Amino acid sequence: MKYSIITVNYNNKAGLRKTIESVIHQTFSDFEYIVIDGGSTDGSVEVLREYDKDITYWVSEPDGGIYQGMNKGITKATGDYLNFMNSGDCFYNEMVLQHISDRKLNQDIIVGRDYHFNPQTQQGFSTILPPRISMLTFYIQTLPHQSTFFKRSLFEDTQYDDSLRIVADIKFYIQKICVEECSIEMIDEIVCRREPDGISKSYNERRIAEHRKVISEFLPLGATKDYRTLALLDKTTLYKLLRLLELPSSNKWLTYIIKIIYRIINK
């Protein structure tokens, strides 16, 4: 099984070096490494030249943003599975690709977990994956993109919508998983180590606006209202509720408890 690891970078010299180091030191060797730089001026190109022998293909030229860069990387990829480990993010350890390969999975999409690490507090936490994937998953959050491996064939008729600046990965997930019903496997394997970034108010506002736009492309307004109600629960509680609902033995007791709560609240 051959992997294509794609890194997109723009003016993040230190992050780029960190990412490159985590990729080239993987113990598993059957992968190619592609780096797309958006015309950086901070010394990133010098870093790419330093690691030239370790990188299968790299280019530095102006482009239209992260998703356009990822699409450029896709066109150069020849691996069976693609992973997007963009600059600043790293593989959790040097055994990640070996562990993924050892599982001998063949699903269209393989999703592992992120580890979010705060160097100031020296504390971290790993991603909570949903009990199952549905449109609700992408209404309330998304999947850890850096920890996902996609079959290259998925990109033959669909690439990332580069008219979006922040949530094109969510749109791609929805198209492939919820619309086309591609096969997916979630694994208890930490793939990516991430460090927190400060999110500006303007960035967050744009993310929310883009997310609403994408959701509206796939969901009618009436359904969106139902999803909005479910999203009032925190993520952990919602996932626990979904697990309970999928257990036939718990349905009777859950219904009974909800009725009691409803009567108490409406007294």
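Residues numbered from 1 in each chain as written. Predicted model: local features only at pLDDT ≥ 70, side-chain atom pairs only at ≥ 80, totals over all residues. Heavy atoms only, no water.

Q: Describe in detail the overall build of the chain, supporting the description with residues and values.
A: A tally of helices and strands in the chain yields ten helices and nine strands. Expected size for 267 residues packed as a compact globule is a radius of gyration near 18 Å; at 20 Å, the chain falls within 12% of this value. Each principal axis of the C-alpha atoms in the chain carries an extent, and together these give about 70 × 45 × 40 Å. Of all 267 residues assigned to the chain, the portion counted as buried reaches 45%. Sequence separation of 24 or more characterises 78% of the internal contacts of the chain that already satisfy a separation of 6 or more. A total accessible area of about 14400 Å² is found for the chain, and carbon and sulfur atoms account for 51% of it. (Helix = DSSP H or I, 4+ residues; strand = E, 2+ residues; numbered from the N terminus. Rg over C-alpha atoms; globule rule 2.2 N^0.38 Å. Buried < 20%, exposed > 50% of the residue type's maximum accessible area, 1.4 Å probe, protein only. Contact = heavy atoms within 4.5 Å. Areas by Shrake-Rupley, 256 points an atom, 1.4 Å probe, with all protein chains shown as cover.)

Q: Break down helix H1 (residues 13–24) for me, citing the residues and quoting the values.
A: Its twelve residues give H1 an end-to-end C-alpha distance of 17 Å, which sits within 8% of 16 Å, the value for a rise of 1.5 Å per residue. Inspection of H1 places Gly15, Leu16, Thr19, Ile20, Ser22 and Val23 among the buried residues, and these make up the whole buried set. Projected down its long axis, H1 carries its buried residues within an arc of 165°, all on one side. Looking at the buried side of H1, the elements it contacts are strand E1 (3–9), strand E2 (31–37), helix H2 (44–50) and strand E5 (90–91). (Expected span 1.5 Å × (residues − 1). Arc of directions from axis to C-beta.)

Q: Kindly report on unusual backbone geometry, identifying the contributing residues and their values.
A: Within the chain, Lys104 stands out as a residue other than glycine whose phi angle is a positive 55°. Among the secondary structure elements, Lys104 is positioned in the loop between helix H4 (96–102) and strand E6 (109–118). A positive phi angle, near 55°, is found at Glu181, a position not held by glycine. Note on placement: Glu181 falls in the loop between helix H6 (168–179) and strand E9 (184–194).

Q: Please provide a residue-by-residue account of the nonpolar core, values included.
A: Among the nonpolar cores identified, the biggest contains 41 residues, and Phe84, Phe138, Phe150, Phe155 and Tyr160 are the most heavily contacted of them. With near-sequence residues (within four places) excluded, Phe155 lies in contact with Ile74, Leu82, Phe84, Phe150, Tyr160 and Phe172. Core analysis: the second largest hydrophobic core is formed by 25 residues, Ile5, Val35, Leu48 and Ile100 among them. (Core = buried A, V, L, I, M, F, W, Y, C linked by side-chain atoms within 4.5 Å.)

Q: So what's going on with the pairing of strand E3 (residues 57–60)? Which residues, and what values?
A: Relative to E3, E2 is paired through four bridges, and the arrangement is parallel. Residue pairing across strands places Ile34 opposite Tyr57, the latter belonging to E3. Remark: the E2/H2/E3 crossover connection has right-handed handedness. (Pairing = 2+ DSSP bridges. Right-handed = clockwise from strand over helix to strand, strands pointing away.)

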